[in-house]
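# Fold and geometry: a report
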Amino acid sequence: MVTLNEVVAYLDSHLEVARFSDYCPNGLQIEGRGEIRRIVSGVTACYALLERARELKADAILVHHGYFWRGASPCLTGLHRQRVATLLAADISLLAYHLPLDAHPLLGNNAQLAAHLGLTTTGRFEQGSLAGIACHGTLDTPLDVTAFADRIAANLGRVPLHIAGGPATISRVGWCSGAAQEGIETAAALGLDAYVSGEISEPTVHLAREAGIHYFAAGHHATERYGVQALGEHLAERYELEHISVDIDNPV
């Protein structure tokens, strides 16, 4: 058992929250009971995750996508009210880490994505909102396009949408979890064979074809599943807590 304040202070420091200008508040978003024995982790603080955490009698929920996003209404009405009311009634804390979790060199979404796909990081992108977050590196073994797509599907549990544009064999890869398709232009400028992200937009198709680089849209949820799991396991080991990872299916 550890206090909520101790866990929050550690996470804020370990993930270097103060370093990021983000689209949402990072850290403790909703305060519950003051002590933690059991943590439930998940990608997004949807109602299904809250209900499962309540069933599991969690003291805190750890997520990548929390609440209070920039530009969203601050009013506690409708579904937003239902979610917040559920947490308050159960006295469960909500801890959310967005860009700091994307960027962490060991526990972060992109570090974990690299580990699952057999990628070694050699550098990071320095472009716009992806600065210090998007990565580039090399595959442990060069793969043909089909084999690389199969590896993504096997490790992320989702068949990627592949836009062909690069060479027959893939060795040098760029990647950034979530909605980071904008990084494809920098990836192409670096001479990479392929770029992997979560989502795709209409212009991405033409950019991949014209720039001569493969693009793999592997799923926003799928590419961000493993960072929060790793962070939950890290907390469990550090503080001798019980950690339960709950994956709420999301095909996007």
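Okay, so let's go over this structure. Here the structure is a predicted model, which means the values were calculated and not measured.

Attention now goes to the pairing of strand 8 (residues 135-144). Looking down a regular strand, the side chains alternate between one sheet face and the other. In the sheet, strand 7 (residues 119-124) pairs with strand 8 via five bridges, with the strands oriented antiparallel. Bridged to Arg-124 within strand 8 is Cys-135. With six bridges connecting them, strand 8 and strand 10 (residues 169-176) associate as antiparallel partners. Bridge assignment links His-136 to a residue of strand 10, and that residue is Gly-174.

This next bit is on the packing of aromatic side chains. Counting across every chain of the model gives five aromatic pairs. The interplanar angle of 20° and the centroid separation of 5.9 Å between the aromatic rings of Phe-125 and Tyr-195 together place this pair among those described as stacked. Placement of Phe-125 in the loop between strand 7 and strand 8 and of Tyr-195 in strand 11 (residues 194-197) is noted, with a sequence separation of 70 residues between them. Assigned by exposure class, Phe-125 and Tyr-195 land together as buried.

Turning to the packing of helix 5 (residues 109-117) against helix 6 (residues 145-156), a few remarks are in order. Where helix 5 contacts helix 6, the two axes come as close as 9 Å, and the packing angle between them is 115°. Of the two elements, helix 5 crosses helix 6, and the hand of that crossing is right-handed. Contacts from Leu-113, His-116 and Leu-117 in helix 5 reach Arg-151, Ile-152, Asn-155 and Leu-156 in helix 6. Residues that form the contact of helix 5 with helix 6 fall into these classes: four nonpolar, two polar and one charged.

Criteria and thresholds
For every chain, the first residue of the written sequence is number 1, and numbering continues from 1 onward in sequence order. Note on the predicted model: pLDDT of at least 70 is required for a residue's local features to be given, and 80 or more for side-chain atom pairs to be given and counted; whole-chain, interface and lining totals, by contrast, use all residues. Calculated side-chain values reflect all of the structure's heavy atoms, with hydrogen atoms and water omitted. Two strands form a pair only when DSSP identifies at least two bridges running between them. Only runs of H or I of at least four residues qualify as helices and only runs of E of at least two qualify as strands under DSSP, and these elements are numbered from the N terminus. Within 6.5 Å between ring centres, the rings of Phe, Tyr and Trp (the latter by its six-membered ring) count as paired, and their orientation is classed by plane angle as stacked under 30 degrees, edge-to-face over 60, tilted in between. Burial classes follow relative accessibility: with a 1.4 Å probe on protein chains only, a residue under 20% of its type's maximum area counts as buried, one over 50% as exposed, and anything between as partly exposed. Axes here mean lines fitted to C-alpha atoms, for a helix over just the part in contact, with angles spanning 0 to 180 degrees between N-to-C directions. In this scheme the handedness of a crossing depends on how the near helix is turned from the far one: anticlockwise by less than a right angle means left-handed, clockwise means right-handed. Here a residue-residue contact requires only that any non-hydrogen atoms of the pair lie within 4.5 Å. The residue classification treats Ala, Val, Leu, Ile, Met, Phe, Trp, Tyr, Cys and Pro as nonpolar and Asp, Glu, Lys and Arg as charged. All others, Gly included, are polar.

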